[in-house]
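Given next are the chains, with one letter for each unit.
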Amino acid sequence: MSQTPHAKRLARLQQLLQEADIDAIALNASPTLTYLTGLEVHLSERPVVGIFPASGKPALVLPELETGKLASLPVALEAFPYGENPDAWPDAFTQALRFCGLTRAQLGVEPQWFRFLELRLLEKAAPEVRVTSAEPLIMRLRSQKDAAEVAATRRALDVAWRALEATLPVIRPGVTERDVAAELTLQLLRAGSDPELPFSPIVAFGPESANPHAVPGDRSLTPPTLVLIDWGARVEGYCADLTRMFAFGPIDDELDRIVRIVLEANEAARARVAPGVPAGEVDRAARQVIEQAGYGPYFIHRTGHGLGLEIHEPPYIRGDNSELLAPGMLFTIEPGIYLTGRGGARVEDDVLVTETGAETLSDYPRTLRRLD
C-alpha cells in the first residue's frame with residue numbers, strides 16, 4: 001500500500017534528522033507544521049507545538065479547544081492538550097517530551113518561527129535539552145515540491161488570473177489605487193482563493209510604480225500613466241505570485257522601453273532554469289540583460305524567491321546563491337527596473353524546475369497591456 005503524501009514527508013523528515021544527528025524537531029504553529037501534519041492553526045497566545053523525533057510517533061501540545069481538528073488529520077499524533085489556565089502549559093510540554101524520550105536531547109527549531117514563549121516552555125520542561133537551528137534541514141525538506149503541491153499552485157495561479165481579468169474593467173480615470181486593490185481582493189475570494197491571501201495586492205500608478213513594495217493609496221489614475229499590479233492567490237495553502245504591467249494612455253517612451261527590457265530579462269532568466277544550475281546564474285541571466293541596456297543600477301532586488309506554503313521561502317534567486325536547482329523547486333522570476341519619481345516595471349512569473357529543464361506555470365500574456 002502506497003504512503004500518503006504526509007506520511008512520506010514525515011518519513012523524509014526522520015531520515016534527515018538522523019543524517020543531521022538531531023534527535024527531534026519542535027515546530028510551533030508554522031507552515032512546516034501544516035506541511036507535515038495537515039493541521040492548520042494560527043499562531044496565537046496559546047502555544048501549539050509539534051515534537052517530531054528522529055524515530056517513533058510525533059507528539060503535539062495544543063489547547064483543548066483545538067483537539068477537534070485531530071480526527072481529520074492524515075497522520076497520527078499523540079496529543080497532549082491543556083486547558084485555559086497557563087499554569088497547565090509546562091506539564092503538557094513535560095509529558096510530550098517524555099513521551100518522545102527527549103528529556104536530554106538536541107532539538108531543532110525554525111529560527112524565523114519559533115518564539116521565546118515556546119522556547120522557555122521547552123527549557124522549563126527539560127532543562128538539559130539543547131536547542132539548535134533546523135533551518136537547513138527544513139529547506140531540504142520543503143524546497144522540492146511534490147505533485148500535490150504543484151497541482152495546488154496551478155489552481156492558485158488560475159484563480160489569480162481570473163480575478164485579475166474580472167478586476168481590469170474597473171481601472172478607469174479617477175479610480176484610486178486603493179479602489180483597484182479592494183476590487184482585486186474581492187475578485188480573488190470570489191474566484192476561489194483561500195480567505196488568507198498570500199499578501200495584500202500591490203496596485204501602483206505612475207511614479208508610485210517605482211516603489212517595489214508600494215502600498216495602494218489614494219492616488220487617482222490620471223492618464224497617461226503606467227500601472228503595476230503585483231498580486232497572488234492561495235489555494236489549499238499554496239501561493240501564487242504574479243506581476244503584470246498596464247498602460248492607460250500613451251506613456252513616456254522610456255517607460256515603455258523599460259517594460260520591454262524587463263520582459264527580455266524575465267525571458268532570459270526563465271530560459272536559464274534547469275536542474276543542476278546554480279540559483280545565482282538565473283539571477284545573473286536577468287541582470288545581464290538589464291545591465292547591457294544601461295539600467296543595472298535600477299534593478300535593486302533579487303530576481304526571485306521560492307513559493308509554497310509561504311510566499312517567500314527557499315530557494316532565493318540571487319546572484320550570490322550557489323545552491324543547485326533541483327526538480328520540484330518552484331520559485332518566482334521577477335526582474336524589475338525602478339526610476340524614482342517617474343515609474344517602474346516588473347514582470348513576474350512562477351517557474352517549476354523539471355527533470356529536464358523548467359516549466360513556466362504562469363504562462364499568461366506578459367507584454368504591456370493597454371487599458372484605454
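Above: the structure in question.
In this report, we go over the structure that sits alongside the text. These numbers were taken from a predicted model, which means no experiment stands behind them.

Details of the sheet that holds strand β5 (residues 106-109)
- Here 6 strands make up an open sheet; going across it, the order is β4-β3-β2-β1-β5-β6 and the pairing mixed. The sheet is open, and its two edges are formed by β4 (78-82) and β6 (130-133), each paired on a single side. Between one strand axis and the next, the sheet turns by 25° as a mean value, whatever way the strands run.
- In the sheet, strand β1 (residues 24-27) pairs with β5 via 2 bridges, with the strands oriented parallel. Paired with Ile25 across the strands is Gly108, a residue of β5.
- In the packing of helix α1 (residues 5-20) onto the sheet, contacts are made with β1 and β2 (49-53), and the angle to β2 comes to roughly 65°.

Considering the packing of aromatic side chains
- This structure, assessed with the given rule, holds 5 aromatic pairs.
- With centroids separated by 6.1 Å and ring planes inclined at 40°, the aromatic side chains of Trp161 and Trp231 adopt a geometry described as tilted. Linking Trp161 in helix α6 (residues 147-167) with Trp231 in strand β8 (residues 225-231), this pair joins segments that are 70 residues apart in sequence.
- Trp161 sits in the buried class, given a relative accessible area of 11%.
- Put simply, the rings of Trp161, Trp231 and Tyr364 touch in pairs and so form one group of aromatic residues.

A word on the environment of Gln14
- As for its position among the elements, Gln14 is in helix α1.
- The sequence separation of Gln14 and Ser55 amounts to 41 residues, and the corresponding C-alpha distance is 6.2 Å.
- With residues up to four places along the chain from it excluded, the contact list for Gln14 reads Pro53, Ala54, Ser55 and Gly56.
- A polar contact of 3.0 Å, which involves the side chain of Gln14, links it to the backbone oxygen of Gly56.

Structural notes on the sheet that holds strand β7 (residues 202-205)
- Overall, mixed pairing links the 4 strands, which are arranged β7-β8-β11-β19 in an open sheet. The open sheet terminates on both sides in strands that have one partner only, identified here as β7 and β19 (369-370).
- Bridging between β7 and β8 involves 4 bridges; their strand directions are antiparallel. Residue pairing across strands places Ala204 opposite Leu228, the latter belonging to β8.
- Where helix α7 (residues 177-191) meets the sheet, its contacts fall on β7 and β8, and the angle it forms with β7 comes to roughly 150°.

A closer look at the packing of helix α8 (residues 253-272) against helix α9 (residues 279-292)
- Remark: α8 packs on α9, axes separated minimally by 8 Å, with the N-to-C direction vectors making an angle of 155°. Regarding the angle of α8 to α9, the classification is roughly antiparallel. Of the two possible hands of crossing, α8 and α9 adopt the one that is right-handed. Contact with α8, carried on its side by Ile261, Glu264, Ala265, Ala268, Ala269 and Arg272, involves Glu281, Val282, Ala285, Ala286, Val289 and Ile290 of α9 and no other residues of that element.
- Looking at the contact of α8 with α9, its residues break down into 9 nonpolar, no polar and 3 charged.

So, the environment of Gly344
- For Gly344, the position within the fold is in strand β16 (residues 343-346).
- Here the alpha-carbon distance between Gly344 and Leu226, two residues 118 residues apart in the chain, equals 8.2 Å.
- Residues contacting Gly344, with those up to four places away along its chain left out, are Ser209, Ala210, Leu226, Leu228, Met245, Ile258, Ile337, Tyr338 and Leu339.

Observations regarding unusual backbone geometry
- Omega for the bond connecting Pro223 with Pro224 falls within 30 degrees of zero, at -5°, which places this linkage in the cis form.
- For Pro224, the position within the fold is in the loop between β7 and β8.
- Residue Pro314 is joined to Pro315 through a cis peptide bond whose omega torsion reads 0°.
- Along the chain, the position of Pro315 falls in strand β13 (residues 313-317).
- With a phi close to 55°, Asp21 is a non-glycine residue in the positive phi region.
- Assignment of secondary structure puts Asp21 in the loop between α1 and β1.
- Since its relative accessible area comes to 61%, Asp21 is described here as exposed.
- Located in the positive-phi region is Glu236, a residue other than glycine, with phi close to 55°.
- Considering the arrangement of structural elements, one finds Glu236 in the loop between β9 (234-235) and β10 (238-239).

Basis of the calculations
- Residues numbered from 1 in each chain as written.
- Predicted model: local features only at pLDDT ≥ 70, side-chain atom pairs only at ≥ 80, totals over all residues.
- Heavy atoms only, no water.
- Pairing = 2+ DSSP bridges.
- Helix = DSSP H or I, 4+ residues; strand = E, 2+ residues; numbered from the N terminus.
- Axes fitted to C-alpha atoms, helices over the stretch in contact; angles between N-to-C directions.
- Contact = heavy atoms within 4.5 Å.
- Phe/Tyr/Trp six-rings, centres within 6.5 Å; stacked < 30°, edge-to-face > 60°.
- Buried < 20%, exposed > 50% of the residue type's maximum accessible area, 1.4 Å probe, protein only.
- Polar contact = N/O pair within 3.5 Å; in protein donor to acceptor, adjacent residues only side chain to side chain.
- Parallel < 35°, antiparallel > 145°, perpendicular 65-115°, else oblique.
- Left-handed = near helix turned anticlockwise from the far one by under 90°.
- Nonpolar A, V, L, I, M, F, W, Y, C, P; charged D, E, K, R; others polar.

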